[in-house]
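Secondary and tertiary structure notes
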Amino acid sequence: MDKMMDNRWFLRITALLLAFLLFFSVQAEDSSTGTTDAGRTSEVIEDVELEVYHDNSLMVSGVPSTADLHLNGPVSSVQTARQLEDFTLFVDLRNLPMGEHQVPIQTENLSEQLNIRVDPAFVNVVIEERVSQEFRIDPEINERMLADGFILESVAVDPETVTVTGPKSVIDAISFVKATVSGEQGVKESFTTAARVRVLAEDLTKLENVEIEPQEVEVDIEVVEYSKMVPVRLEPTGEARAGITITDWSTATEEIRVFGPETVVDELTEYVVEVDASTVTAEDTTVEVELEVPSGASAVSPGQVTVEAETIVDESVQVPEDLGN
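Overview of the structure. (Residues numbered from 1 in each chain as written. Predicted model: local features only at pLDDT ≥ 70, side-chain atom pairs only at ≥ 80, totals over all residues. Heavy atoms only, no water.)

Tallying secondary structure elements over the protein gives five helices and 22 strands in all. Counted over contacts in the protein with a minimum sequence separation of 6, partners at least 24 positions apart contribute 72%. Element-wise, carbon and sulfur atoms account for 48% of the exposed surface of the protein, whose accessible area totals about 20700 Å². (Helix = DSSP H or I, 4+ residues; strand = E, 2+ residues; numbered from the N terminus. Contact = heavy atoms within 4.5 Å. Areas by Shrake-Rupley, 256 points an atom, 1.4 Å probe, with all protein chains shown as cover.)

The structure is reproduced here in structure tokens:
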């Protein structure tokens, strides 16, 4: 036996056998480890809705609407969580006083076999008094909607006020409550439409985390064509009939309204009414004059004026019959 142990070939064969045994034992361990790793997986479920448990008499701000859920564990458990989505992510504020707090996002209804991580893990929240206040609405319209030559006559809203409920700090920050009307351009007629109410801070940023009642209101928009009152100037034309001397002209219409584009109407400083003197007779000193629309304008109001002539009639002069007609 001792001779065998001293034999070099015996020692070599023994070492080779031991090497084979060690190799196969390591392979078996690696194979076993690979099976374990293959049975686990990781997955991220993004934008999971976040529940907030708190006293309804208080208001909470700072809580994000969603969070990301990181899961690691057995494939079957991860797949079940992904498919059923019957778990809950929440923050519990029910036992906290008013003020600022950092609270963890918690989970429930997830398998204990899973390693769980929520991103973010903590959130900074502010718990405040719940306040309701009534505000007057400021209705407005984008005047670029109006067609050329038309202007905004008036804007009215119904109801005129809304009740805004929210955290006290947000309610105190409200500077404007607006109902803005927008839409297609080229408007030429009055209309009524619904508009959503917005609450804005002093720098016109929209304030969130508030409840507005009602959220929509009716806005009445009165649109009229642009116009301007222009003084009337009488200008006689033609010759008075034989035996009639016209000493003066007058009209009860001192001004007329001219409609049209602002660039055209604003250039007018007066409206000249031409009166044909030959239409005045001894029996009838009143002349009806149809008013023409100035170039570039769209209309005038009234469309006709009555002009009265002050006359002196020389009865010794015979007026031809055909001129009297």
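Having put the structure on the table, let's press on.
Moving on, we come to a negative patch on the surface. On the surface, a cluster of negative charge is made up of D248, E283, D284, E288, E290, E308 and E310. Those elements that provide at least two residues to the negative patch are β20 (286-290) and β22 (304-313). Judged by its relative accessible area of 45%, E288 falls in the partly exposed class. (Patch = residues over 30% accessible without salt bridge, like charges linked within 9 Å, V, L, I, M, F, W, Y side chains within 5 Å. Salt bridge = Lys/Arg side-chain N within 4 Å of Asp/Glu carboxyl O. Lys, Arg positive; Asp, Glu negative; His and termini not counted. Charge placed at Lys NZ, Arg CZ, Asp CG, Glu CD. Buried < 20%, exposed > 50% of the residue type's maximum accessible area, 1.4 Å probe, protein only.)

The five strands are arranged β6-β4-β1-β3-β7 in an open sheet whose pairing can be described as mixed. Each edge of the sheet is formed by a strand with only one pairing partner; in this case those strands are β6 (106-108) and β7 (115-119). The mean inter-strand angle of the sheet, taken between neighbouring strand axes irrespective of direction, is 35°. By the bridge criterion, four bridges tie strand β1 (residues 40-53) to strand β4 (residues 88-92) in an arrangement that is parallel. If you follow L50 over to β4, its bridge partner there is L89. (Pairing = 2+ DSSP bridges. Axes fitted to C-alpha atoms, helices over the stretch in contact; angles between N-to-C directions.)

Using the criterion set out here, one finds 10 salt bridges in the structure. Here E211 ties to R130 by a salt bridge, and the two come within 3.1 Å at their closest N and O atoms. Residue E211 is found in strand β14 (residues 211-213), and its partner R130 is found in strand β8 (residues 122-136); the two are separated by 81 residues along the sequence. Of the charged contacts in the structure, one is a salt bridge between R233 and E235, with a shortest N-O distance of 3.2 Å. Owing to a relative accessible area of 30%, E235 belongs among the partly exposed residues under this scheme. One connected set of salt bridges, linked through shared partners, spans D138, E140, K178 and R198.

All right, on to unusual backbone geometry then. The amide bond that connects D119 to the next residue, P120, takes the cis arrangement and shows omega of 5°. The residue P120 is located in the loop between β7 and β8 in this model. The residue after S301, namely P302, is reached through a cis peptide bond having omega 0°. Relative to the elements of secondary structure, P302 occurs in the loop between β21 (299-301) and β22. Phi is positive for E85, close to 50°, though the residue is something other than glycine. Mapped onto the fold, E85 is located in the loop between α3 (75-84) and β4.

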